[in-house]
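Chain by chain, the residues run as shown.
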Amino acid sequence: MNIQIRRAESKDCARLLELIKELALYEKAPDEVTVTLDHFIESGFGEKPVWWAFVAEETKTDGSTEIHGFALYYIRYSTWKGQRMYLEDILVTEQMRGQKIGKLLFDQLIEECKEKGFKGMVWQVLEWNEPAIRFYKKYNADFDPEWINCSLNN
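Residues numbered from 1 in each chain as written. Predicted model: local features only at pLDDT ≥ 70, side-chain atom pairs only at ≥ 80, totals over all residues. Heavy atoms only, no water.

## Notes on the packing of aromatic side chains
Ring pairs (aromatic) are described by centroid distance and by the angle formed between their planes. Formally: Only Phe, Tyr and Trp rings are paired, with Trp represented by its six-membered ring, and only when their centres lie within 6.5 Å; those with planes under 30 degrees apart are stacked, over 60 edge-to-face, the remainder tilted. Secondary structure elements are defined from DSSP: runs of H or I of at least 4 residues count as helices, runs of E of at least 2 residues count as strands, and each element is numbered from the N terminus. The cut-offs for exposure are 20% and 50% of the maximum accessible area for each residue type, with area from a 1.4 Å probe on protein chains only; residues under the lower value are buried, those over the upper are exposed, and the others partly exposed.
Overall, the coordinates contain 13 aromatic pairs when judged by the stated rule. Taken together, a centroid distance of 5.7 Å and an interplanar angle of 45 degrees make the contact between F106 and Y136 tilted. Linking F106 in helix α3 (residues 101-116) with Y136 in helix α4 (residues 130-137), this pair joins segments that are 30 residues apart in sequence. Looking at F106, the relative accessible area reads 2%, which means it is buried.

## Considerations on the pairing of strand β2 (residues 52-59)
Rules: In this scheme, strands are said to pair when DSSP sees at least two bridges between them.
Along β2, six of the eight residues are buried, which leaves the element largely enclosed by surrounding structure. Where strand β1 (residues 3-7) and β2 come together, five bridges link them in antiparallel fashion. Bridging from a neighbouring strand, R7 pairs with F54 of β2. The turn joining β2 and strand β3 (residues 65-78), which pair antiparallel and follow one another in sequence, is formed by five residues; a positive phi near 95 degrees is taken by G63.

## Comments concerning the pairing of β3
Alignment of β2 against β3, held across eight bridges, turns out to be antiparallel. Its bridge partner lying in β3, E58 is registered against E66.

## Some points on unusual backbone geometry
Phi is positive for K28, close to 65 degrees, though the residue is something other than glycine. Here K100, not a glycine, exhibits a phi torsion of approximately 75 degrees, which is positive. Note that K100 resides in the loop between β4 (82-92) and α3. The class of K100 is exposed, set by a relative accessible area of 60%.

## A short note on the environment of R76
This is how the line gets drawn: We call two residues in contact whenever any of their non-hydrogen atoms come within 4.5 Å of each other.
Mapped onto the elements of the fold, R76 is located in strand β3. A relative accessible area of 36% means that R76 is categorised as partly exposed. As for R76 and P145, which are separated by 69 residues in sequence, their C-alpha atoms are 20 Å apart. Residues within four places of R76 in sequence aside, it is in contact with G82, Q83, R84, Y86 and V122.

## Quick look at the sheet that holds β2
Hydrogen bonds between backbone atoms are what pair the strands of a sheet, whose relative direction is either parallel or antiparallel. Note the threshold: Each axis is a line fitted through C-alpha atoms, and for a helix only the stretch in contact is used; angles between axes span 0 to 180 degrees, taken between their N-to-C directions.
If you trace the five strands from one edge of the open sheet to the other, you get β1-β2-β3-β4-β5, paired in mixed fashion. Edge strands, defined here as strands with exactly one partner in the open sheet, are β1 and β5 (121-122). Bridging between β4 and β5 involves two bridges; their strand directions are parallel. Along β5, the bridge assignment pairs M85 with M121. Across the face of the sheet, helix α1 (residues 13-26) comes into contact with β2, β3 and β4 while running at roughly 80 degrees to β3.

Everything listed here is a matter of geometry and, on its own, says nothing about what the molecule does.
Listed below in structure tokens is the structure:
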């Protein structure tokens, strides 16, 4: 299998949105994805992008390509640490899990963090998502039980 990690391009957005919906289904919240494709594209590739992403793309023997995973991040500012990468989503399609694609994506994020001079990377993981927790433990990630997630929706 020929998997390449590359920066996402605007032409990838429809596929990324499909994968985001797959992630929402996995996280038992399929109706929570309400972003439109136009808004998603504008937010990532418009005049003032607010997110960046990498995709895991397979080139098949016939020359066609297929995206099997992605990692999307934005810049978070910590008054204690400075700019940090916030990993919003990382997903590898169900049929491609176990092929080390997640590792390729995560390693690329770590490299991006270093290149951009971010003061680390933060993310969330659902407490019941044992496969993801095991994955992050391989990187010696810190798990913080003290903070409670909050949100306010309009």
